[in-house]
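# Understanding the architecture of this molecule
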Amino acid sequence: MDEQTILPDAANSAEVVDLLRVLRDRGQHVPEARARLVSADGTSSKPLPDGLHDILVKALEALANGYAVTIAPQHTTLTTQQAADMLGVSRPTLTKLLDEGRIPHERPNSHRRIKLADLLHYQQERRQERRQLLERMTAESLDMGLYGVPAPAPEEGDDRA
């Protein structure tokens, strides 16, 4: 299977937004009316599985907001380079995380393999940690009265302005 990228199409943007609205509204308020796959001749249909429904909604949201969507098959086990690319870190950084035991991995031979589920779990945990940290920092800033205080003016010769 090859990777495929779908670009937002201005000519079809209204259709994308309409489809997104229908999938969101009907799927939330009328669960039994979720999207269905219909045969080309319209004689048979099957409900779209929940996971595929969610993927379709996310893809439509991205297209409606002007983003391209790339669909790429992923193996259930990844090389260290593939895992590093997914996390947006260097391979040595990923190797350090593996050595520290922060991400489970296997070593069936001389090469390490990371289960996609383990990598996604690690990624989700990091997002939650960052979100909690940001909330805590925001609360502390509010407690200290730092919101609404203007930033100091840059000093002369300071090129940050």
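For the structure, check the block above.
What counts, and where the lines are drawn
Residues numbered from 1 in each chain as written. Predicted model: local features only at pLDDT ≥ 70, side-chain atom pairs only at ≥ 80, totals over all residues. Heavy atoms only, no water. Core = buried A, V, L, I, M, F, W, Y, C linked by side-chain atoms within 4.5 Å. Buried < 20%, exposed > 50% of the residue type's maximum accessible area, 1.4 Å probe, protein only. Helix = DSSP H or I, 4+ residues; strand = E, 2+ residues; numbered from the N terminus. Contact = heavy atoms within 4.5 Å. Salt bridge = Lys/Arg side-chain N within 4 Å of Asp/Glu carboxyl O.

What follows covers the nonpolar core. Judged by nonpolar contacts, Leu-78, Ala-83, Ala-84, Leu-87, Leu-94, Leu-97, Leu-98, Ile-103, Ile-114, Leu-116, Leu-119 and Tyr-122 together constitute the single largest core of twelve residues. Only helix H3 (80–87), helix H4 (91–99) and helix H5 (116–143) provide two or more residues apiece to this core. Setting aside residues no more than four positions away along its own chain, Ala-84 makes contact with Val-89, Ser-90, Arg-91 and Leu-94.

To continue, consider the pattern of salt bridges. When the charged atoms of two side chains lie near each other, side chains of opposite charge can form a pair. Going through the model one piece at a time under the given rule, you end up with five salt bridges. With its nearest N and O atoms 3.9 Å apart, the salt bridge here joins Glu-100 to Arg-102. Classification of Glu-100 by relative accessible area gives partly exposed; the value is 43%. Classification of Arg-102 as partly exposed rests on a relative accessible area of 41%. With a closest N to O distance of 2.5 Å, Glu-129 and Arg-126 form a salt bridge. With Glu-129 and Arg-126 both in helix H5 and three residues apart, this pair spans about one turn of that helix. Classification of Glu-129 as partly exposed rests on a relative accessible area of 41%. A single network of salt bridges, built from pairs that share partners, joins Glu-125, Arg-126 and Glu-129.

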